[in-house]
Amino acid sequence: MAIGGSGLMFYPLDAPVRILDTRPGLSACSQPNAPIAAGIARVQPARGFCGIPATAQAITGNVTTVNSGGGFLTLYPTGAARQVVASTNYGPNEVINNVFTVGLGVADGAF
């Protein structure tokens, strides 16, 4: 694709952003201050949130699990069916990170 074209391209942000952090006392755009419960889907805003452009159709980032009970995390666009493949797997009390790319929901720009 040519630079300056009208198609999809990668546009880096001016500075890194932390969209979500569940650990109390740490800064992020979303701070629930509690772990995400197992088996519960969470809708996370992205498009037009936390410095992400209002035209974004997907985001790339890093997801980290810290000292949880073990399991998996699956990131997927809102409005889409959850995939059967995990974005990351982790064991009990591990600190694991993984790079991800996830599309954003057409209607709300979330995942």
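Further up the page is the structure itself.
Residues numbered from 1 in each chain as written. Predicted model: local features only at pLDDT ≥ 70, side-chain atom pairs only at ≥ 80, totals over all residues. Heavy atoms only, no water.

Draft legend 1. How the structure looks around the packing of aromatic side chains. The tally for this structure, following the rule as stated, stands at one aromatic pair. Geometrically, the ring pair formed by Phe-100 and Phe-111 is tilted, given 6.3 Å between the ring centres and 35 degrees between the ring planes. You can see Phe-100 sitting in strand S4 (residues 95–103) and its partner Phe-111 sitting in the segment after S4, a full 11 residues away along the chain. Exposure remark for Phe-100: the relative accessible area of 11% places this residue in the buried category. (Phe/Tyr/Trp six-rings, centres within 6.5 Å; stacked < 30°, edge-to-face > 60°. Helix = DSSP H or I, 4+ residues; strand = E, 2+ residues; numbered from the N terminus. Buried < 20%, exposed > 50% of the residue type's maximum accessible area, 1.4 Å probe, protein only.)

Draft legend 2. Molecular detail of the nonpolar core. One finds Ile-19, Ala-46, Ile-52, Ala-56, Ile-59, Val-63, Leu-75, Phe-100, Val-102, Leu-104 and Phe-111 forming the largest nonpolar core, which totals 11 residues. Secondary structure elements with two or more residues in this core: strand S1 (58–66) and S4. Once you skip the residues sitting within four places of it in the chain, Phe-100 turns out to touch Ile-59, Thr-60, Gly-61, Asn-62, Val-63 and Leu-75. (Core = buried A, V, L, I, M, F, W, Y, C linked by side-chain atoms within 4.5 Å. Contact = heavy atoms within 4.5 Å.)

Draft legend 3. How the structure looks around the environment of Leu-13. Note that Leu-13 resides in the segment before S1. Through-space distance from the C-alpha of Leu-13 to that of Pro-53 is 8.6 Å; in sequence the pair is 40 residues apart.

Draft legend 4. Expanded view of the environment of Val-17. Here Val-17 lies in the segment before S1. Distance from Val-17 to Cys-50, taken between C-alpha atoms, is 6.9 Å for residues 33 residues apart in sequence.

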